[in-house]
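Architecture at a glance
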Amino acid sequence: MTYACGQCGFIFTRTGPVECCPACERDCLRRATAAEQSQLTLLLRREQPKQTGSMKR
Ligand SMILES: [Zn+2]
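So, a few notes on the structure that sits alongside this text. (Residues numbered from 1 in each chain as written. Predicted model: local features only at pLDDT ≥ 70, side-chain atom pairs only at ≥ 80, totals over all residues. Heavy atoms only, no water.)

1. A look at the pattern of salt bridges
Here the structure, examined in full by the defined rule, presents one salt bridge. Put simply, arginine 30 and glutamate 36 hold a salt bridge, and the shortest N to O gap is 3.1 Å. Of the residues examined, arginine 30 reaches a relative accessible area of 36% and is grouped as partly exposed. Under the relative-accessibility criterion, glutamate 36 is labelled buried at 16%. (Salt bridge = Lys/Arg side-chain N within 4 Å of Asp/Glu carboxyl O. Buried < 20%, exposed > 50% of the residue type's maximum accessible area, 1.4 Å probe, protein only.)

Structure, rendered in structure tokens:
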């Protein structure tokens, strides 16, 4: 499930229940909207290092 913090706007994904925001540590989390979820997906995709190169020699 994807959560969004109502205080600082931090978006993250957790499988279990979350009590407070990992960024600002306040307990004002809500379910992320579909737009926020796709925003997070885009961010994660951008941050992943490219591993297209082959390690063979
Ligand atoms: Zn927060």
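2. Here's the deal with the coordination of the zinc ion
Every protein donor of the zinc ion is accounted for by Cys5 (SG), Cys8 (SG), Cys21 (SG) and Cys24 (SG), and the metal-donor separations fall at 2.2 to 2.3 Å. Coordination at the zinc ion is tetrahedral, judged from the four donor atoms that bind it and the angles of 107 to 113° they form at the metal. Within one chain, the residues donating to the zinc ion are spaced in sequence as C-x2-C-x12-C-x2-C. Residue class for cysteine 8 comes out partly exposed when judged on its relative accessible area of 43%. (Donors = N, O, S within 2.8 Å, 3.2 Å for Na, K, Ca; no water. Tetrahedral: all angles 85-135°; square planar, octahedral: opposite > 155°, others 65-115°.)

3. Remarks on the packing of aromatic side chains
The final tally for this structure, using the stated rule, is two aromatic pairs. For the ring pair tyrosine 3 and phenylalanine 12, a centre distance of 5.7 Å and an interplane angle of 25° mean the geometry is stacked. Relative accessible area serves as the criterion here: at 11%, tyrosine 3 is assigned to the buried category. Aromatic pair phenylalanine 10 and phenylalanine 12: ring centres 5.6 Å apart, planes at 25°, arrangement stacked. Taking relative accessible area as the criterion, phenylalanine 10 reaches 35% and is therefore assigned partly exposed. We classify phenylalanine 12 as buried; its relative accessible area is 6%. An aromatic cluster of three or more residues is present, and its members are Tyr3, Phe10 and Phe12. (Phe/Tyr/Trp six-rings, centres within 6.5 Å; stacked < 30°, edge-to-face > 60°.)

4. Regarding the environment of arginine 14
Looking at where arginine 14 falls in the secondary structure, it is placed in the loop between strand E2 (11-13) and strand E3 (29-31). For the pair arginine 14 and tyrosine 3, spaced 11 residues apart in the sequence, the C-alpha separation amounts to 7.5 Å. In this view, arginine 14 contacts Met1, Tyr3 and Pro22; residues no more than four positions away in its chain are not counted. (Helix = DSSP H or I, 4+ residues; strand = E, 2+ residues; numbered from the N terminus. Contact = heavy atoms within 4.5 Å.)

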